[in-house]
Amino acid sequence: MPVATHAKPASHVVLPSGDRMPTIGLGCWQAAPADLSKAVAHALKSGYRHIDGATIYGNEAALGEGLRASGVRREDVWITTKLWNTSHRPEDVMPACKKSLELLGIEQIDLWLMHYPCALDPDVDGCKVIDVPYTDTWKAMEQCVAAGLVRNIGISNFSKSELETLLASCTIRPALHQLERHPYLPQNKFMAFHKEIGMHVTAYSPLGNTNPSYAEEGGLPPIQENKAVLAVANKWNISPANVLISLQLKDGCSVLPKSVTPARIDENLLVVALDDEDVKAITQATEGQRKRYCDFSGPVGYHFYADLDDSN
């Protein structure tokens, strides 16, 4: 039986500003700085044009080093990074932005996200939630756009009500919402809401419980071993990881697979345009299997995702 033709998903998404963001980015979470600089350089030489970082990852400087080592022009690379919770006070926002720019070694951030909607006290060890409305933090982020430090601003890990509150008060609408999404957490109702309001979604952790940090005794079976995922991989002659990355693109999301291994970095670009029947098969094979892996509500002391129904 001949292998199906490899049609390609859209390579870019157009944000409200008119900027074109590459739909596949290299995720930088949990990457040690020494490994990340090499991974970023390799990824850019291999064809990636979107790198997703964050202040809390502690590797923005390494990201910048990798960018410079790659030989790819700065203007050809999309850099995303994120404001951490300890810099939510309005007076702390622009200094935090300038610090990220300094560490990255760039003059302007393409996309800057509010990493979480809650503020933490910067003057204590550990996590202490403080009363700083994220709407005030957002207004300070808007000032960074006005100052030319940032081209686009967006959000990550918001609930529906938090997003609605922000939309009711903002001057600049969030360019996109970055959230956890994979077959064990499709967030179908929340995705429909984003479509309704015309907001793009970026999916992180597209490989679900493949990440060792998400391993749990007696938990759901490894998503890359799901029979439907394996069948789709065989149909298109791609890896199960490629199926899961392609699934997010099929649903209209941009996506952030992460790796510091050169071979896997290269492999993660081998995406295809899945058929509707592929999506249906994976949906049916994971029905009733739901798990949100990236939830720090307990350690932080803030109820994230409070009004979201993870069962749909």
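Bear in mind that the values here come from a model prediction, so they are computed numbers and not experimental data. (Residues numbered from 1 in each chain as written. Predicted model: local features only at pLDDT ≥ 70, side-chain atom pairs only at ≥ 80, totals over all residues. Heavy atoms only, no water.)

Colleague: Can you lay out the overall build of the chain for me, pointing to particular residues and giving the numbers?
Modeller: Broken down by element type, the chain carries 11 helices and 12 strands. A compact globule built from 312 residues would reach a C-alpha radius of gyration of about 20 Å, and the chain, at 19 Å, matches this within 12%. Principal-axis analysis of the C-alpha atoms places the extent of the chain at approximately 60 × 45 × 40 Å. Scored against the burial criterion, the 312 residues of the chain give a buried share of 53%. (Helix = DSSP H or I, 4+ residues; strand = E, 2+ residues; numbered from the N terminus. Rg over C-alpha atoms; globule rule 2.2 N^0.38 Å. Buried < 20%, exposed > 50% of the residue type's maximum accessible area, 1.4 Å probe, protein only.)

Colleague: An account of the pattern of salt bridges is needed here, citing residue identities and associated values.
Modeller: Across all of its chains, the model carries 13 salt bridges by this definition. The closest approach of N and O atoms between Lys-235 and Asp-278, which form a salt bridge, is 2.9 Å. With Lys-235 in helix H7 (residues 227-236) and Asp-278 in helix H10 (residues 276-285), the pair connects residues that are 43 residues apart, well separated along the chain. With a relative accessible area of 3%, Asp-278 lands in the buried category. Taken together, the salt bridges that share partners define one network made up of Lys-235, Asp-275, Glu-277 and Asp-278. (Salt bridge = Lys/Arg side-chain N within 4 Å of Asp/Glu carboxyl O.)

Colleague: I'd like a description of the side chain of Arg-292, backed by residues and values.
Modeller: With respect to the element layout, Arg-292 can be found in the loop between H10 and helix H11 (297-300). Polar contacts involving the side chain of Arg-292 include one to the side chain of Gln-187, which spans 3.2 Å. A distance of 2.8 Å separates the side chain of Arg-292 from the side chain of Asp-310, its partner in a polar contact. Excluding anything up to four places from it in sequence, Arg-292 contacts Glu-180, Leu-185, Gln-187, Tyr-305, Leu-308 and Asp-310. (Polar contact = N/O pair within 3.5 Å; in protein donor to acceptor, adjacent residues only side chain to side chain. Contact = heavy atoms within 4.5 Å.)

Colleague: Please set out the side chain of Ser-87 residue by residue, giving values where relevant.
Modeller: Take Ser-87: it is sitting in the loop between strand E5 (78-83) and helix H3 (90-104). The exposure class of Ser-87 is buried, given its relative accessible area of 18%. Excluding residues within four positions of it along the chain, Ser-87 makes contact with Asp-92, Val-93 and Ala-96.

Colleague: Explain the packing of aromatic side chains residue by residue, including any values.
Modeller: Scanning all chains against the criterion turns up 8 aromatic pairs. Judged by centre distance (6.0 Å) and plane angle (85°), the rings of Trp-84 and Tyr-116 are edge-to-face. Of this pair, Trp-84 sits in the loop between E5 and H3 while Tyr-116 sits in the loop between strand E6 (109-114) and strand E7 (119-120), and the two are 32 residues apart along the sequence. Residue Trp-84 shares its accessibility class with Tyr-116, and that shared class is buried. Note on Phe-190 and Phe-193: the rings are 6.4 Å apart at their centroids and 5° apart in plane angle, and the pair reads as stacked. On the criterion of helical spacing, the pair formed by Phe-190 and Phe-193 is a turn pair, its members being 3 residues apart in helix H6 (residues 188-197). (Phe/Tyr/Trp six-rings, centres within 6.5 Å; stacked < 30°, edge-to-face > 60°.)

Colleague: Can you lay out the sheet that holds E5 for me, pointing to particular residues and giving the numbers?
Modeller: Spatially, E3-E4-E5-E6-E9-E10-E11-E12 is the arrangement adopted by the 8 strands of the open sheet, whose pairing is parallel. The outermost strands of the open sheet, each flanked by one partner alone, are strand E3 (26-27) and strand E12 (254-256). Bridge count between strand E4 (residues 50-52) and E5: 3 bridges; the pairing is parallel. Looking across to E5, one finds that His-50 is bridged to Trp-78. (Pairing = 2+ DSSP bridges.)

Colleague: Quick one: what's the story with the packing of helix H8 (residues 240-250) against H10, residue by residue and with numbers?
Modeller: Their axes nearest at 11 Å, the elements H8 and H10 cross at an angle of 115°. Judged on the interaxial angle alone, H10 and H8 are roughly perpendicular. H8 and H10 meet at a crossing whose hand is left-handed. Facing H8, whose interface residues are Val-243, Leu-247 and Lys-250, H10 presents Asp-276, Val-279 and Ile-282. Classifying every residue of the contact of H8 with H10 by side-chain character gives 4 nonpolar, no polar and 2 charged. (Axes fitted to C-alpha atoms, helices over the stretch in contact; angles between N-to-C directions. Parallel < 35°, antiparallel > 145°, perpendicular 65-115°, else oblique. Left-handed = near helix turned anticlockwise from the far one by under 90°. Nonpolar A, V, L, I, M, F, W, Y, C, P; charged D, E, K, R; others polar.)

Colleague: So what's going on with helix H1 (residues 33-46)? Residues and values would help.
Modeller: With 14 residues, H1 extends 20 Å from end C-alpha to end C-alpha; this agrees with the ideal 20 Å at 1.5 Å per step. Burial in H1 covers these residues: Leu-36, Ser-37, Ala-39, Val-40, Ala-41, Ala-43 and Leu-44. Close packing links the buried residues of H1 with E3, E4, helix H2 (60-70) and helix H9 (262-267). Following H1 by one or two positions, Gly-47 has its phi on the positive side, about 125°. (Expected span 1.5 Å × (residues − 1).)

Colleague: Please provide a residue-by-residue account of the pairing of E5, values included.
Modeller: Among the 6 residues in E5, 6 count as buried, and that is most of the element. Of the crossover connections in this fold, the one passing from E4 over H2 to the parallel E5 is right-handed. Looking at chain direction, E5 and E6 are connected through 4 bridges and run parallel. Bridging across to E6, Thr-80 finds its partner in Leu-111. One crossover worth recording links E5 to the parallel E6 by way of H3, and it is right-handed. (Right-handed = clockwise from strand over helix to strand, strands pointing away.)

By themselves, these figures tell us nothing about what the structure is for.
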